[in-house]
2 protein chains.
Amino acid sequence: MNLGTLYGIGVGPGDPELLTLKGLRVLRSAAVVACPADRTGRPGLAARIAAPHLRREQRLTPLYLPFVSDEAVLAAAWSAAADTLYADLALGLDVAFISEGDVSLFSTFTYILREFQERYAQVAVRIIPGIASPLAAAAALQLPLAIGDETLTILPAMHRIEELEAACAPGRIVVLLKVAPVYEQVYTWLKASDRLEQAHLLCWVSAKEERIYRRLPAAAERLPYFSLLIIRPEPAARR
Amino acid sequence: MNLGTLYGIGVGPGDPELLTLKGLRVLRSAAVVACPADRTGRPGLAARIAAPHLRREQRLTPLYLPFVSDEAVLAAAWSAAADTLYADLALGLDVAFISEGDVSLFSTFTYILREFQERYAQVAVRIIPGIASPLAAAAALQLPLAIGDETLTILPAMHRIEELEAACAPGRIVVLLKVAPVYEQVYTWLKASDRLEQAHLLCWVSAKEERIYRRLPAAAERLPYFSLLIIRPEPAARR
């Protein structure tokens, strides 16, 4: 029997209509749809975005992919997830792994992909990009993400907060992804450096719960995981 | 009569199937579709991407939006383009301005948008993001664009080549857009700094003419305008 194909599909930041035509076609054609899930096996955002597009006959495979720093725990989880996917691929079934946003930009699919490249290289992989949240955020704000000779820097806030100062140079736009855990630090720094007016906060961009703060709230204790911040240090290009 | 709505739609990097479902719905519903065109009025890449999706009854409005540095020439062109669009909007027609890639990331729609924000603020604007070429490039290479605590920097090569050295720090991935005019300079710098192996060149990503160079060619005289380079200074995250 032939092996199935593994697809990585970016399903966009929240609005099911921000899936691409290609993503939809492939998503609906796969026998098995795999998605990130929490510890209890409950599917996450990607599954919710894809839900309106799925056929009843398709099997949903939730995969627990933890967000921890323990390398051994991570390696075991990715390895187990790849084995789970391979079991279906070995039966000749096509498997679509869905990821919120894009599938190459801070997506757990990267780890799945690496497992396949190293251990199951015989499996054909196809990757279908998706709308990344910074693009949807700029669209919602009606603000250019970058233009002219500007530079765009995208970084996961929780890891690289110490780089903020360097990143926020003239002509540079900075997007901080997953800003929730370090929001207060970022707010304090923006205030101290007189940059509060340059920052915009977006939560659950394009989803039903979308919240847009054109002025930053001083305290945001209940910021969701899917929160990002755009800092535009300069006026938007020429006038 | 009510004013029409102005839509900015990112149609993706080349493959018509990389349009979003929302982009398709809105594109097909607009009476008028406006697109960037060259000096002779010939529509550019965006129109080619959108072509399979258009209805016969829709009117295509090519807009000449020059790539020059003369501010007066630019201002006149953007102003004229906005006036052209407004003429239809004032008749109550919905107008969709299409842009290759995303509509907020180095897109001429930014200038159109500014004209409307300043001179025709009474017109409702809606922006629909699109797949940006760096995302499609990473998907084609089956390489993560960024993961873990990495930082992604996207810059237009022709303007910021002097920033390459600073941008290519450990843990940073750099995407140079529109690399064609400065390709030889970039190649020379990559070679001198022993980074040739870290760089990938993609032309017309996802389009029929797509060319992928996993090893950089020494000379690339005929690189098309839509060429980008990804530099990954480090091994892709943990193994």
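Residues numbered from 1 in each chain as written. Chains lettered and ligands numbered in written order. Predicted model: local features only at pLDDT ≥ 70, side-chain atom pairs only at ≥ 80, totals over all residues. Heavy atoms only, no water.

UniProt's entry tags residues 5-214 of chain A with the feature "domain: Tetrapyrrole methylase" (unreviewed entry), counted in the numbering of this structure. Across residues 5-214 of chain A one finds 35% helix and 22% strand; the C-alpha atoms that close the span lie 43 Å apart. (UniProt positions renumbered as here; feature names shortened; annotations may be inferred. Helix = DSSP H or I, 4+ residues; strand = E, 2+ residues; numbered from the N terminus.)

This part is about a nonpolar patch on the surface. All names here are of chain A. A grouping of Phe67, Met158 and Tyr225 is seen on the molecular surface, where their side chains present a nonpolar patch of about 300 Å² in accessible area. Within the secondary structure, Phe67 sits in the loop between β3 (59-64) and α3 (71-90). Relative accessible area serves as the criterion here: at 60%, Phe67 is assigned to the exposed category. (Patch = residues over 30% accessible without salt bridge, like charges linked within 9 Å, V, L, I, M, F, W, Y side chains within 5 Å. Areas by Shrake-Rupley, 256 points an atom, 1.4 Å probe, with all protein chains shown as cover. Salt bridge = Lys/Arg side-chain N within 4 Å of Asp/Glu carboxyl O. Buried < 20%, exposed > 50% of the residue type's maximum accessible area, 1.4 Å probe, protein only.)

With that out of the way, let us pick up the pattern of salt bridges. Residue and element names in this part refer to chain A. Applying the stated rule across the entire model yields 18 salt bridges over all chains. A salt bridge links Glu209 to Arg48, with the nearest nitrogen and oxygen atoms 2.7 Å apart. Here Arg48 lies in helix α2 (residues 45-50) and Glu209 lies in the loop between β8 (199-203) and β9 (211-213), a separation of 161 residues in the sequence. The class for Glu209 is partly exposed, based on a relative accessible area of 32%. One salt-bridge network, in which partners are shared between bridges, spans Asp83, Glu115 and Arg119.

Before going further, it helps to examine the interface of chain A and chain B. The interface of chain A with chain B comprises 61 residues on the first partner and 61 residues on the second. Of the roughly 5,200 Å² buried at the junction of chain A and chain B (both faces included), carbon and sulfur atoms supply 55%. Summed over the shared surface of chain A and chain B, the result is four salt bridges. A salt bridge links B:Arg25 to A:Glu17, with the shortest nitrogen-to-oxygen separation between them at 2.5 Å. The interface formed by chain A and chain B contains 21 residue pairs in polar contact (both at pLDDT 80 or more). Every element with two or more residues in the side of chain A that touches chain B is listed here: α1 (21-29), α3, α4 (109-119), β5 (125-128), α5 (133-141), β6 (151-156) and α6 (157-160) of chain A. Here the residues of the side of chain A that touches chain B sort into 32 nonpolar, 13 polar and 16 charged. The pairing of β6(A) with strand β6 (residues 151-156) of chain B spans three bridges and is classified as antiparallel. (Contact = heavy atoms within 4.5 Å. Buried area = accessible area lost by both parts, 1.4 Å probe. Polar contact = N/O pair within 3.5 Å; in protein donor to acceptor, adjacent residues only side chain to side chain. Nonpolar A, V, L, I, M, F, W, Y, C, P; charged D, E, K, R; others polar. Pairing = 2+ DSSP bridges.)

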